[in-house]
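An overview of the molecular structure
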Amino acid sequence: MLRLLDAHRHAIDTCVFCPKLCRFACPVAEAAARETVTPWGLMTRIDDVHVGRAPLDGAAGDLWAHCTGCHRCQAVCKHDNDVPQVLYAARAAAAAAGHAPAALGAWAHSAPPPRPAFDALPEGGPVRLVPGYVDDDTVRAAVRLLEAAGHGPLGRPVGGAGVSGIRLLEAGHPDAFDVAARRLADGVEGARLVVCLDPADALALRRDLPARGRTVGPPVQHLTEAVAGRLAALTPVLEGDVLYLDACRLGRGLGVYDAPRRTLEAVITGRVVEAVMHHAEGGCCGAGAGLAATQPALAAQVGREAVADVPDLPVVVASGVCAGHLRVATAGRAVHGWATLVARALGRPGQEDEG
Amino acid sequence: MKDAWTPHHDGAVGDLWTGPAGAARLEVAEPVAVARALAWAAERALAVRVVRGVRPPAPRTLQIDVGALAGLVALDEISRVAHLRGGTTWAEAEALVASRGLTLGPVPGCVAETPIMASFAAGERRRPSPAFGHLTDGVLALRAALPKGLLTRSAVAPRRATGPDLARCVVGTGATLGLAVDVHLQVWDRPESRVAAAVRFPGWDAAHDGAVVALRQGLRPAWWCARRRGREVELLAELWGDAGDADAVGRFVDATGGREAPAADAQAWIDARADAADTRWSAQVAAPRGGLAAAARARRGIEAWDLRPAGATLYAPRSGDAADPPDAWAALADRLAEHLRGEDV
Amino acid sequence: MHDLTRLLEALAACVGADHVRTDAPDRDAYSRDLWPRSQLERLAGDPPTRPQAVVWPGRPAEVADVVRLCAAAGVPLVPFGAGSGVCGGARPDRGGVVLDVKRLKALRRVDEVAGEIEVEAGMMGELLERRLEHRGLTLGHFPSSIVCSTVGGWLAGRSAGQCSSRYGKIEDMVVDLEVVTGEGAIRRTPRADALGPGPDWNQLFVGSEGTLGVITAATLRVHPQPAERSFGGWLMPDYRAGLAVMRGSMQAGDRPAVLRLYDAVDTFMVGANPHAAEGGGALSRLKGLLSAGGDGGPSRLKQTVLRTVLGSPALTNAAVRALPARCLLITVCEGEADEVAGAHARLERLAAAAGGEHLGEGPGRTWLAHRHDVSFKQSKIYEAGCFVDTFEVATTWARLPALYEGVKRAVGPHVLVMAHFSHAYPGGCSIYFTFAGTGRDAAAMRHTYDAAWRAGLDTAQAHGAVIAHHHGAGLSRRAHMPAAHGEARQWFDALKATLDPAGIFNPGKLFAEEGA
Ligand SMILES: Cc1cc2nc3c(=O)[nH]c(=O)nc-3n(C[C@H](O)[C@H](O)[C@H](O)COP(=O)(O)OP(=O)(O)OC[C@H]3O[C@@H](n4cnc5c(N)ncnc54)[C@H](O)[C@@H]3O)c2cc1C
Ligand code: SF4
Ligand code: SF4
């Protein structure tokens with residue numbers, strides 16, 4: 001299975017011989033304070049294993065779990081090296097050899113949380129909702145937002161659980177991802193619009209699946225894109241300023257930065273405050289690519305560091321998964337999912353559905 | 001004063017004089033003689049004092065007279081670097097480079113007659129010049145004599161990264177870790193014009209703030225100080241520059257935000273500084289930003305020097321305060337000296 | 001072994017089991033810094049110099065515990081920042097314990113009024129500067145490695161940033177240090193601006209490269225973000241003319257942030273010479289190979305060409321001599337408007353007087369925007385089976401030309417060599433040589449590499465230059481350190497005996513150990 005890495009030889013060499021030029025950007029390396037888990041360190045170990053200098057063992061498998069797939073490294077890399085893609089291939093090699101951390105496989109294969117609001121939607125229809133792993137509160141908020149934005153009535157993809165299987169790809173099970181993502185792609189055929197609540201799913205359908213030879217028919221958007229500029233009557237529901245954290249796969253992944261900020265400005269009385277690094281350089285919550293499952297303490301540290309620059313403000317992030325993780329990581333700090341917060345601003349009574 | 005000394009000859013150091021209570025006196029003319037003298041003193045556990053001329057004997061102290069170890073070895077006019085022997089006094093050094101159109105920067109009267117070697121040993125800090133730094137700052141290389149009787153060497157360069165700046169061992173350490181037998185110092189073109197400026201402020205801290213604003217605007221007086229003047233505090237400065245710059249004083253006054261006072265004040269201060277060897281200044285108190293007024297009140301401060309964003313150094317009359325207790329660093333410095341002499345610690 | 005187990009247990013008890021690691025991946029990752037020779041050794045299949053363990057203390061008190069435990073066990077302790085050092089300074093070549101300082105990364109205090117910050121040593125440079133910038137401040141320290149180095153590493157190695165002519169080197173920014181010395185005491189050095197009797201301990205710890213203690217925090221001077229910036233670019237008739245401009249500016253007391261003069265080859269390589277078509281054939285190819293963009297990885301053919309060009313350094317360096325002598329000078333002035341205008345105007349006068357062709361703001365602006373790009377070229381060169389390294393030396397202005405010519409001549413038979421002059425001071429300047437070469441195989445490359453280094457440092461020393469301006473000595477310059485310091489070594493030995501009585505701190509760095 002190490003042959004999986006052959007295709008990445010140039011990317012590996014580029015990092016191995018690079019003087020760690022993205023060192024400061026990697027949130028995992030920064031939180032762990034550990035050279036071994038820098039992009040350089042991860043890729044160097046991949047090289048060692050690939051050329052037979054080091055064994056493919058549990059230590060390697062554990063090591064390669066140290067990445068959230070945030071792509072901050074790529075954002076500063078003049079070679080545009082895609083470290084996570086190589087890591088996912090390395091994870092696949094480790095998984096095939098039985099050396100992947102058990103928690104990573106469990107995370108990838110876990111079922112989404114119960115989402116009665118999603119289950120209640122009819123199958124099919126012009127606009128199909130892909131909830132991914134977000135919780136039911138977020139699904140309900142998204143349904144309200146999309147309806148208010150004129151996207152109703154909403155439907156479910158035909159068949160499947162409304163997940164793209166991106167976790168499978170990230171955990172090193174590319175074939176299983178292929179199956180899951182193709183099933184989802186089939187399930188949204190014929191729709192006018194596909195709306196994902198987790199940016200990771202949107203990215204899977206827009207980037208990863210097409211890269212594997214299967215394009216998705218209808219346009220795929222993240223919720224923030226789908227409702228941008230279409231929500232008329234928003235009344236502020238939060239006093240003061242908030243810190244907005246760009247979800248990695250929404251910002252660096254889909255290139256969506258300003259739409260959620262504009263909407264957010266309409267639902268708070270204060271300003272949208274930026275962290276020291278934001279937009280393409282924005283921090284990472286720490287949950288991505290299975291880190292929260294394999295290294296919960298480290299993932300929590302990554303999350304805390306992402307919002308530490310501006311310690312006193314509530315945090316808003318436009319991914320239900322990120323919001324959930326940050327809430328746990330920062331214990332006690334107000335963290336709002338963008339969807340639930342904006343849905344409150346629609347002002348319908350009795351819908352205080354903040355999670 | 002020579003009467004107090006008795007001529008003597010020693011196999012290791014040659015001719016010397018001895019005095020009462022273990023006092024000794026030696027004239028040196030070569031760097032290696034300084035090294036030999038240090039070793040000789042170390043063996044006898046004598047303290048070492050660097051002097052010019054004959055001074056009264058002090059118990060268990062070797063006076064090293066460096067009068068014959070003076071002069072300019074070379075002047076690199078391209079790099080503006082003067083290679084001076086350690087026995088040269090600052091006034092002599094300035095005269096030597098002045099004859100070639102160059103300057104060491106301002107030389108305060110209180111150090112003019114001190115040999116360079118002694119200033120380094122004392123860690124001289126009485127020329128806190130924004131433009132030129134302390135007298136010992138502009139050193140590009142320094143050759144030292146060590147207590148074991150040997151000489152160091154060092155390449156001449158403005159900065160280096162070859163380990164700790166070991167030459168600092170002879171700055172501020174008396175002669176315990178060695179003495180600077182010759183130094184390469186940065187020199188500068190003599191200024192075309194020197195003008196004095198005086199600016200008044202309602203208090204110490206306001207004067208300090210004004211000085212800091214001027215620094216932040218890029219103004220670099222050749223030297224300056226703040227001193228009490230009735231109920232006010234006056235910032236006095238000497239500005240060196242091009243002859244064509246008619247507005248130097250105006251710019252300085254504007255930058256500080258104070259009220260312009262007669263330049264004669266500043267000139268008088270500069271003149272006094274140039275010839276007064278005034279030891280009243282030697283009590284130095286570091287005052288933090290915003291704390292200058294309080295420190296001046298508590299210590300009857302006379303002048304504040306080394307005005308910098310983080311604070312200033314207040315000069316107050318010696319009050320007979322108990323010496324600072326020896327701290328952990330002083331103990332380490334002692335151990336360092338003992339190791340250097342090769343003693344078991 | 002038994003003792004090591006006991007030591008590891010004790011370390012885990014003090015820093016937490018998660019913060020002591022003995023896994024192979026960690027020991028490998030901490031077996032080297034970015035000294036290119038380590039990379040060549042790795043390619044040659046040499047076994048790495050691995051530590052027995054890596055520890056990550058989270059507080060200065062834990063650092064002190066680690067030091068005490070290692071001292072009691074007599075186990076080498078190697079402080080480690082981000083491992084971006086290029087001299088082998090952080091390489092645990094005697095094994096032992098690597099102490100990674102990066103969990104100590106708090107920005108403890110920012111005093112805008114006093115212009116000071118107190119920051120822990122493990123803070124990554126770029127992250128510190130971004131935080132300061134957010135508050136309208138700057139440290140003014142911009143080494144090319146700011147993205148991959150720590151404050152502690154800067155201090156330990158006497159680092160220099162690209163704006164050193166205005167803000168100084170890191171040693172010029174230090175107010176005081178918090179250090180853990182060999183007996184496990186946490187000490188704060190006397191402030192540099194309030195020194196009493198005794199040596200300036202700051203300047204003895206700065207540059208000590210982990211041999212005298214662990215730096216855990218520092219108070220550093222900071223400045224307001226500059227209000228104004230001016231950019232200059234000139235094509236000077238030759239490098240001596242460029243040096244005259246730099247010297248004139250610094251000796252007039254101006255403090256431009258950047259004065260950067262590329263020699264003819266480097267000028268050609270940065271592509272700023274509008275008359276560049278005159279470049280030699282081999283060089284043009286080399287430049288094309290290294291230019292950014294189109295990153296599918298260099299083709300085999302390109303790699304072969306690169307190896308051929310670098311494999312015949314004598315020919316390539318001869319082609320270099322055929323290049324026009326013109327040299328690019330880049331300047332950046334910053335600060336308040338008056339100061340900027342004055343310094344820039346003087347540069348214009350000096351450059352015109354020295355026959356410079358004014359290129360406008362472009363070169364300065366382009367440099368600022370792309371100043372870190374050059375480091376990205378390193379991968380391509382190694383990927384092609386070649387190596388690249390740099391060394392920086394310094395001397396007075398008067399000796400600079402002879403030093404430059406001498407080193408080029410000495411190194412030229414082994415490698416392609418180019419240089420730029422940066423880090424200017426009133427009395428002199430540093431020269432930053434870049435050299436690239438290759439060899440039949442990794443062992444041959446290492447041989448060529450060593451020969452180039454030896455020739456370069458020998459020649460620098462023969463010209464009376466200092467052998468390092470800001471990269472430190474580590475292992476790469478160790479053989480030349482005795483000659484650089486002569487009997488001053490006694491001071492180092494006494495410092496070592498005083499501050500590190502058990503002799504555990506980064507043994508064998510800076511100077512070889514006695515008898516080793
Ligand atoms: C691409 C590139 C560009 C570079 N550009 C520059 C440049 O422009 N200017 C420049 O000055 N340098 C430059 N360097 C060299 C290097 O980045 C510097 O030497 C830097 O200061 C090293 O910092 P570090 O945190 O990586 O330290 P490390 O490499 O981890 O350590 C360096 C040395 O310091 C010691 N050390 C580290 N931290 C501590 C501590 N807290 N206490 C005690 N000892 C410690 C180590 O033991 C070692 O001896 C460059 C390097 C690279 C790879
Ligand atoms: S991702 Fe790019 S910047 Fe980071 S180590 Fe790899 S090559 Fe260097
Ligand atoms: S994707 Fe993010 S976590 Fe992964 S190596 Fe790059 S910067 Fe680090």
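In this text, all values refer to a predicted model and were calculated from it rather than measured experimentally.

What counts as what
- Residues numbered from 1 in each chain as written.
- Chains lettered and ligands numbered in written order.
- Predicted model: local features only at pLDDT ≥ 70, side-chain atom pairs only at ≥ 80, totals over all residues.
- Heavy atoms only, no water.
- Helix = DSSP H or I, 4+ residues; strand = E, 2+ residues; numbered from the N terminus.
- Buried < 20%, exposed > 50% of the residue type's maximum accessible area, 1.4 Å probe, protein only.
- Contact = heavy atoms within 4.5 Å.
- Lys, Arg positive; Asp, Glu negative; His and termini not counted.
- Charge placed at Lys NZ, Arg CZ, Asp CG, Glu CD.
- Domains from an automatic or database assignment.
- Salt bridge = Lys/Arg side-chain N within 4 Å of Asp/Glu carboxyl O.
- Buried area = accessible area lost by both parts, 1.4 Å probe.
- Near = heavy atom within 4 Å.
- 1 Å grid on protein atoms, 1.4 Å probe; cavity = no way out; pocket = protein on both sides within 12 Å on 5 of 7 lines; lining within 4 Å.
- Sits in = over half its atoms within 2 Å of the grid points.
- Nonpolar A, V, L, I, M, F, W, Y, C, P; charged D, E, K, R; others polar.
- Expected span 1.5 Å × (residues − 1).
- Arc of directions from axis to C-beta.
- Points joined across faces, edges and corners; volume = space filled by probe spheres on them.
- Core = buried A, V, L, I, M, F, W, Y, C linked by side-chain atoms within 4.5 Å.
- Polar contact = N/O pair within 3.5 Å; in protein donor to acceptor, adjacent residues only side chain to side chain.
- Axes fitted to C-alpha atoms, helices over the stretch in contact; angles between N-to-C directions.
- Parallel < 35°, antiparallel > 145°, perpendicular 65-115°, else oblique.
- Phe/Tyr/Trp six-rings, centres within 6.5 Å; stacked < 30°, edge-to-face > 60°.
- Pairing = 2+ DSSP bridges.

With respect to the overall build of chain B
- Within chain B, the regular secondary structure consists of eight helices and 18 strands.
- Overall, the C-alpha framework of chain B stretches about 65 × 50 × 45 Å when taken along its three principal axes.
- Relative to its 345 residues, chain B shows a buried fraction of 55%.
- A fraction of 65% describes how many contacts in chain B between residues 6 or more apart in sequence connect residues 24 or more apart.
- Measuring between centres, the 41 positive side-chain charges of chain B sit 3 Å from its 41 negative side-chain charges.

Comments concerning the domain arrangement of chain B
- Along its sequence, chain B is organised into domain 1 (2–65), domain 2 (72–189) and domain 3 (193–317).
- Relative placement of domain 1 of chain B and domain 3 of chain B: their C-alpha centres are 41 Å apart.

Points about the pattern of salt bridges
Residue and element names in this part refer to chain C.
- One pass over the structure, following the stated rule, counts 92 salt bridges over all chains.
- Note that Glu41 is salt-bridged to Arg37, the shortest N-O span being 2.5 Å. On the criterion of helical spacing, the pair formed by Glu41 and Arg37 is a turn pair, its members being four residues apart in helix α3 (residues 36–43).

Considering the interface of chain C and chain B
- Listed per partner, the contact involves 80 residues of chain C and 58 residues of chain B.
- When the buried surface of chain C facing chain B is broken down by residue, C:Gln490, C:Trp491 and C:Thr498 rank first, second and third, together holding 14% of it.
- The interface formed by chain C and chain B holds three salt bridges in total.
- C:Asp193 is the partner of B:Arg308 in a salt bridge, and the nearest nitrogen-oxygen pair spans 2.8 Å.
- Take the side of chain C that touches chain B: its biggest share by element is eight residues, from helix α21 (residues 489–499) of chain C.

Points about the site of ligand 2
- Around ligand 2, the surrounding shell consists of A:Thr14, A:Cys15, A:Cys18, A:Leu21, A:Cys22, A:Cys77, A:His79, A:Asn81, A:Val83 and C:Phe376.
- The environment around ligand 2 is built from residues contributed by chains A and C.
- Under a 2 Å grid-point criterion requiring more than half of the atoms, the pocket assigned to ligand 2 is the largest cavity.
- A per-class count over the shell around ligand 2 returns seven nonpolar, three polar and no charged.

As for helix α15 (residues 337–353) of chain C
All names here are of chain C.
- With 17 residues, α15 should cover 24 Å at 1.5 Å per step; its first-to-last C-alpha distance of 24 Å lies within 8% of that length.
- Here α15 has its buried residues at Glu339, Val340, Ala343, His344, Arg346, Leu347 and Ala351. For α15, the angular spread of the buried residues around the axis is 160 degrees, confining them to a single face. Along α15, the residues that are exposed and aim more than 90 degrees away from the buried face are Asp338, Arg349, Ala352 and Ala353.
- The inward-facing, buried residues of α15 abut α7 (164–167), β12 (228–236), α10 (239–251), β13 (258–262) and β14 (327–335).

Observations regarding empty space enclosed by the protein
Residues and elements named next belong to chain A.
- If you walk through the whole model with that rule in mind, you get nine cavities of 30 Å³ or more.
- Quantified by volume, the largest cavity comes out at close to 100 Å³.
- Cys15, Cys18, Cys22, Pro39 and Cys77 are, among the 14 residues lining the largest cavity, the residues nearest its centre.
- Sorting the residues of the lining of the largest cavity by element identifies α1 (9–16) and α3 (39–50) as the ones contributing at least two each.

Description of unusual backbone geometry
Residue and element names in this part refer to chain A.
- In this model, Gly152 is joined to Pro153 through a cis peptide bond whose omega is -10 degrees.
- Tracing the sequence through the fold places Pro153 in the loop between α9 (136–148) and β2 (154–155).
- In this model, His71 sits at a positive phi of 65 degrees, which is unusual for a non-glycine residue.
- By secondary structure assignment, the location of His71 is in the loop between α4 (58–63) and α5 (72–76).
- A positive phi angle, near 55 degrees, is found at Ala289, a position not held by glycine.
- For Ala289, the location among the structural elements is in the loop between β6 (272–273) and α16 (291–294).

Section: the nonpolar core
- Residues A:Trp64, C:Leu155, C:Trp201, C:Met246, C:Phe421 and C:Trp491 are the most contacted members of the largest nonpolar core, which totals 221 residues.
- Those residues in contact with A:Trp64 that lie beyond four places of it in its chain are A:Leu42, A:Arg45, A:Ile46, A:Val49, A:Leu56, A:Leu87, A:Ala90, A:Arg91 and A:Ala94.
- Among the nonpolar cores identified, the runner-up in size contains 81 residues, and A:Val130, A:Val143, A:Leu254 and A:Leu264 belong to it.

Points about the site of ligand 3
- In the vicinity of ligand 3, the contacting residues are A:Cys26, A:Pro27, A:Val28, A:Pro39, A:Cys67, A:Thr68, A:Gly69, A:Cys70, A:His71, A:Cys73 and A:Pro84.
- Tallied by class, residues from the shell around ligand 3 come to eight nonpolar, three polar and no charged.

Observations regarding the domain arrangement of chain C
Residue and element names in this part refer to chain C.
- Split into domains, chain C comes out as domain 1 (4–102), domain 2 (107–224) and domain 3 (228–462).
- Using only C-alpha atoms to locate each centre, domain 2 and domain 3 end up separated by 28 Å.
- Opposite the 13 residues of domain 2 that make contact, domain 3 presents 16 residues.
- When domain 2 packs against domain 3, close to 1,200 Å² is buried across both sides, 43% of that on carbon and sulfur atoms.
- The interface formed by domain 2 and domain 3 holds one salt bridge in total.
- One can count ten residue pairs in polar contact (both at pLDDT 80 or more) joining domain 2 with domain 3.

Quick notes on the packing of helix α17 (residues 296–306) of chain A against helix α18 (residues 320–330) of chain A
Residue and element names in this part refer to chain A.
- Across the interface, α17 lies against α18 with an axial gap of 8 Å and an inter-helix angle of 95 degrees. Regarding the angle of α17 to α18, the classification is roughly perpendicular. In this structure, α17 uses Ala299, Ala300, Gly303 and Arg304 to contact α18, whose residues at the interface are His325, Leu326, Ala329 and Thr330.
- Here the residues of the contact of α17 with α18 are counted per class, giving four nonpolar, three polar and one charged.

With respect to helix α7 (residues 292–299) of chain B
All names here are of chain B.
- Along α7, the residues that are buried comprise Leu292, Ala295 and Ala296. Down the axis of α7, the buried side of the element spans an arc of 100 degrees, and every buried residue falls inside it. Residues of α7 that are exposed and point more than 90 degrees away from the buried face comprise Arg297 and Ala298.
- Where α7 ends, the next residue or the one after it, Arg300, has phi of about 50 degrees, a positive value.

Observations concerning the packing of aromatic side chains
Residue and element names in this part refer to chain C.
- Under the criterion given, the structure shown has 23 aromatic pairs over all chains.
- A ring pair is formed by Tyr30 and Trp56, whose centres lie 5.7 Å apart and whose planes are at 85 degrees; its orientation type is edge-to-face. Of this pair, Tyr30 sits in the loop between α2 (24–29) and α3 while Trp56 is found in the loop between β2 (53–55) and α4 (60–73), placing the two residues 26 residues apart along the sequence. Across the pair, exposure class does not vary: Tyr30 and Trp56 are buried alike.
- Ring geometry for Phe387 and Phe435: centres 6.4 Å apart, planes at 80 degrees, overall edge-to-face. In this pair, Phe387 is assigned in strand β16 (residues 386–396) and Phe435 in strand β18 (residues 428–438), connecting sequence segments 48 residues apart. Both residues of the pair, Phe387 and Phe435, belong to the buried class.

Brief notes about the sheet that holds strand β1 (residues 20–21) of chain C
All names here are of chain C.
- Ordered by their spatial adjacency, four strands build an open sheet running β1-β2-β4-β3, and the pairing between neighbours is mixed. On the outer flanks of this sheet lie β1 and β3 (77–80), each paired with one strand and no other.
- Note that β2 and strand β4 (residues 97–100) share three bridges and pair parallel. Residue pairing in the sheet places Val55 in a bridge with Leu99 of β4.

Description of the interface of chain C and chain A
- If you look at the interface, chain C gives 40 residues, while chain A gives 37 residues.
- Considering only the surface of chain C that becomes buried against chain A, C:Arg42, C:Arg130 and C:Phe376 emerge as the three largest contributors, covering 19% of it.
- Joining chain C to chain A, the criterion identifies ten salt bridges.
- Going through the elements one at a time, α2, α3, α5 (125–134) and α17 (377–383) of chain C are the ones with two or more residues in the side of chain C that touches chain A.
- Here the residues of the side of chain C that touches chain A are counted per class, giving 16 nonpolar, nine polar and 15 charged.

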